[in-house]
Amino acid sequence: TSDVLARYDNDVFALLLTNTNCKYAELVATRIKDKVEQAVVSYDGKKVKATISIGVAGSNKVSSPNFKKMLSNVEAALQDAKDQGSNRIVLDIEN
């Protein structure tokens, strides 16, 4: 299996990390957030910086996760990140 990045909605992307523990998924989210925060883009002669809100959902269960529930959890985590302000990561990890 391999990791997959895809557009999920207009301004929402999903990154599916297979065979990845929750701690590493949080690390990946932090690296993405830091890179976006550090990037400076020139637009119309002006320097523009961006922020990103990230929701992370995962499961520490040994059995196969319920992907429908995980999708619901990540949508809720992303909404929480947006509600808390920009440049946030919110985790929803099932134990």
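Everything that follows concerns the structure shown earlier in this document.
Residues numbered from 1 in each chain as written. Predicted model: local features only at pLDDT ≥ 70, side-chain atom pairs only at ≥ 80, totals over all residues. Heavy atoms only, no water.

## Focus: helix 1 (residues 22-38)
Across its 17 residues, helix 1 extends 24 Å between first and last C-alpha, which sits within 8% of the 24 Å expected from 1.5 Å per residue. Those residues of helix 1 hidden inside the fold are in contact with strand 2 (12-16), strand 5 (53-59) and strand 6 (88-94). You can read the cap of helix 1 off the contacts: a side-chain oxygen lies 3.2 Å from the backbone nitrogen of lysine 23, and it is on asparagine 21. (Helix = DSSP H or I, 4+ residues; strand = E, 2+ residues; numbered from the N terminus. Expected span 1.5 Å × (residues − 1). Contact = heavy atoms within 4.5 Å. Polar contact = N/O pair within 3.5 Å; in protein donor to acceptor, adjacent residues only side chain to side chain.)

## Structural notes on the layout of surface pockets
Put simply, the largest pocket is a space of about 1,400 Å³. Along the walls of the largest pocket sit 42 residues, with Ala14, Leu15, Leu16, Gly55 and Val74 positioned nearest its centre. Elements that contribute at least two residues to the lining of the largest pocket include exactly strand 1 (4-9), strand 2, helix 1, strand 5 and helix 2 (67-83). Top contributing element to the lining of the largest pocket by residue count: helix 2, with 8 residues. The residue inventory of the lining of the largest pocket, partitioned by class, reads 25 nonpolar, 12 polar and 5 charged. (1 Å grid on protein atoms, 1.4 Å probe; cavity = no way out; pocket = protein on both sides within 12 Å on 5 of 7 lines; lining within 4 Å. Points joined across faces, edges and corners; volume = space filled by probe spheres on them. Nonpolar A, V, L, I, M, F, W, Y, C, P; charged D, E, K, R; others polar.)

## Some thoughts on a nonpolar patch on the surface
Together, Leu5, Phe13, Leu15 and Ile32 make up a nonpolar patch on the protein surface, roughly 390 Å² of accessible area in all. Looking at the element boundaries, phenylalanine 13 is found in strand 2. (Patch = residues over 30% accessible without salt bridge, like charges linked within 9 Å, V, L, I, M, F, W, Y side chains within 5 Å. Areas by Shrake-Rupley, 256 points an atom, 1.4 Å probe, with all protein chains shown as cover. Salt bridge = Lys/Arg side-chain N within 4 Å of Asp/Glu carboxyl O.)

## Some points on the pattern of salt bridges
Counted under the stated rule, the structure contains 2 salt bridges. Linking glutamate 37 and lysine 33 is a salt bridge whose minimum nitrogen-to-oxygen distance equals 3.9 Å. Linking glutamate 37 with lysine 33, this pair stays in helix 1, spanning 4 residues, or about one helical turn. The class for glutamate 37 is partly exposed, based on a relative accessible area of 34%. Here lysine 33 falls in the buried class, since its relative accessible area comes to 15%. Three or more residues are tied together by salt bridges with common partners; here these are Lys33, Asp34 and Glu37. (Buried < 20%, exposed > 50% of the residue type's maximum accessible area, 1.4 Å probe, protein only.)

## Description of the pairing of strand 1
As judged from the 5 bridges shared by strand 1 and strand 2, these two strands associate in the antiparallel manner. For valine 4, the partnering residue across the bridge sits in strand 2 and is leucine 16. Between strand 1 and the antiparallel strand that follows it, strand 2, lie 2 residues. (Pairing = 2+ DSSP bridges.)

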